[in-house]
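Residue-level listing of the chains:
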Amino acid sequence: MSETAGTEVESLTSEMIPIYVMGKQYMVPDSLTIMKAMEYAGYKFVRGAGCRGGICGACGTIYRKPGDYRLHVGLACQTMVESEMYLTQLPFFPAMRASYDWATTEAVGETAGELYPELFRCVACNACTKFCPMDVEVMDYIAALKRGDLEAATEISFNCIQCGLCASRCMGELPQYHIAQLARRLYGGKLAPKSEHLDAMVAKIADGYFKEKLTELKGMSKDELIKLYQERQMEPHQGGEYWKPDSEEGL
Ligand code: SF4
Ligand code: SF4
Ligand code: FES
C-alpha cells in the first residue's frame, strides 16, 4: 500500500473519529471498514488487498484499542473502524513453506511431520487460535496433524484464508496455515471420495456441452451481453438450499 493525496469522499451521516495508521492520526467516518477508512485517509492499496470480501486473506490487520493492553486482529476489509484504534497491517507473513513433489508425496499421516518437523514444536499454548480472524481452531488442527489425522485437520482448517496471523504469534515458530494447506491438498486430492456428479459434468463439458452457448455469447455485442446479464434470473435472498432457476440451461 502507499500513501497518496486524500480522496474527495465525504460522509453525510457518519461521525468523524480519529484512528492511527502506523502511528499517524487520521480523521475518518465511523461507518467505514478499516480498508475503506485507510483509502479515505489517502492510502492506495497496491498490496494487502484482494477480494475485499473476507476470503483472500490479504488484508490481515493488527490493532489495539485505548486502555486495552491486548492486541486484536481483523481483516481490514471486514472490520469496522473504532475511535482511537491504533493499527498496522500485516498483509504477508514470511513463514517457510515446504517444497514437495505432488505426484510422489504420500497421503499418509506422517507426511506433515516429515515435511514440517517443527510441527512437534507446538506447546499447545493456543495463542494461534485466539489470534485467528476466521475463528479457526488452529491449535486443534495442529493437534490433529500431530496425531497424523489428515481428515480432521482438513475439516478443522477448512475456513483458513491463509492470512498468516497465527504464525506471527507462535512460540513454536510453526507455519500453521502452510501445514494445514498441505493436509487439505493431500486429503482432498488423494484420499477423499471422488465426487461422481463432478466427474460426470467434467466429461459432459469435455464433450462440448457448453460449446454452442459459448459461441453464441462470443458473437454478442457489449450491449446485448449487458442486457442478458441484467435480465438474468437471480437467486432470491431466502432462496433456500435447493433453489434452482426456472431454466436448467447451463446447469
Ligand atoms: S488459521 Fe492462521 S492463516 Fe488461517 S485464517 Fe486463521 S490466522 Fe489466518
Ligand atoms: S501458537 Fe504455536 S505453539 Fe501455540 S498452540 Fe498454536 S501452533 Fe502450538
Ligand atoms: S481483501 Fe481479501 S480478505 Fe480482505
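Residues numbered from 1 in each chain as written. Chains lettered and ligands numbered in written order. Predicted model: local features only at pLDDT ≥ 70, side-chain atom pairs only at ≥ 80, totals over all residues.

Points about the overall build of the protein
Per the secondary structure count, the protein includes 10 helices and seven strands. On C-alpha atoms alone, the protein measures out to a radius of gyration of 23 Å, which is more than a quarter above the 18 Å that the 2.2 N^0.38 rule sets for 251 residues. Along the longest, intermediate and shortest principal axes, the C-alpha atoms of the protein span 60 × 55 × 30 Å. Within the protein, the proportion of its 251 residues that are buried is 24%. (Helix = DSSP H or I, 4+ residues; strand = E, 2+ residues; numbered from the N terminus. Rg over C-alpha atoms; globule rule 2.2 N^0.38 Å. Buried ≥ 20, exposed ≤ 12 C-beta atoms within 10 Å, placed from the backbone.)

Observations regarding the site of ligand 1
Taken together, the neighbourhood of ligand 1 is formed by 13 residues, with Cys132, Cys160, Cys163, Cys166 and Tyr177 sitting nearest. Sorting the residues of the shell around ligand 1 by element identifies α6 (165-168) and α7 (176-191) as the ones contributing at least two each. (Near = placed C-beta within 6 Å.)

Here's the deal with the domain arrangement of the protein
The domain boundaries assigned to the protein delineate domain 1 (3-89) and domain 2 (110-191). The distance between the C-alpha centroids of domain 1 and domain 2 comes to 29 Å. Contact with domain 1, which involves seven residues of that partner, is made by seven residues of domain 2. Examining the composition of the side of domain 1 that touches domain 2, we find that three residues originate from one element, strand β6 (residues 72-75), more than from any other. Here the side of domain 1 that touches domain 2 is composed, by residue class, of four nonpolar, three polar and no charged. (Domains from an automatic or database assignment. Contact = placed C-beta atoms within 7 Å. Nonpolar A, V, L, I, M, F, W, Y, C, P; charged D, E, K, R; others polar.)

Examining the sheet that holds strand β3 (residues 24-29)
Taken in spatial order, the five strands make up an open sheet running β3-β2-β7-β5-β6, and their pairing is mixed. The sheet terminates laterally at β3 and β6, the two strands that pair on one side only. With strand direction ignored, the average angle separating the axes of adjacent strands in the sheet is 35°. Direction of pairing for strand β5 (residues 60-64) relative to strand β7 (residues 86-89): antiparallel, over a ladder of four bridges. Its bridge partner lying in β7, isoleucine 62 is registered against threonine 88. (Pairing = 2+ DSSP bridges. Axes fitted to C-alpha atoms, helices over the stretch in contact; angles between N-to-C directions.)

Re the site of ligand 2
Surveying the vicinity of ligand 2 reveals 16 residues, the closest of which are Cys122, Cys125, Cys128, Cys170 and Gly172. At the level of elements, α3 (127-131) and α4 (138-146) are the ones that each hand at least two residues to the shell around ligand 2. Residue contributions to the shell around ligand 2 peak at three residues, all from α4. Within the shell around ligand 2, the residues separate by chemical class into 12 nonpolar, three polar and one charged.

Overview of unusual backbone geometry
One non-glycine residue, glutamate 84, lies in positive phi territory at about 70°. For glutamate 84, a count of 14 C-beta atoms within 10 Å puts it in the partly exposed group. At alanine 124, a position not held by glycine, the phi torsion is positive, near 60°. Inspection of the secondary structure assignment puts alanine 124 in the loop between α2 (110-115) and α3. Using a count of 11 C-beta atoms within 10 Å as the deciding quantity, one classes alanine 124 as exposed.

Points about the packing of α4 against α7
Look at α4 against α7: their axes get within 10 Å of each other, and the N-to-C directions meet at 55°. With respect to each other, α4 and α7 are oriented oblique. Read as a crossing pair, α4 and α7 show a hand that is left-handed. For the pair α4 and α7, contact is made by Val138, Tyr141, Ile142 and Leu145 and by Gln176, Ile179, Ala180 and Ala183, respectively. Among the residues forming the contact of α4 with α7, the class breakdown is seven nonpolar, one polar and no charged. (Parallel < 35°, antiparallel > 145°, perpendicular 65-115°, else oblique. Left-handed = near helix turned anticlockwise from the far one by under 90°.)

Brief notes about the confidence of the model for the protein
Per-residue pLDDT for the protein has a mean of 92; in total, 94% of the residues score no lower than 70. pLDDT under 50 marks residues 3-8. Its contacts with residues more than four places away, or in other chains, come to 10 contacts. (pLDDT = per-residue confidence, 0-100.)

So, helix α8 (residues 196-206)
Residues spaced three or four apart along an α-helix point in a common direction, a consequence of the helix completing one turn every 3.6 residues. Of all 11 residues in α8, zero are buried; the element is thus mostly exposed. Of the residues trailing α8, glycine 208 is marked for its positive phi of about 95°.

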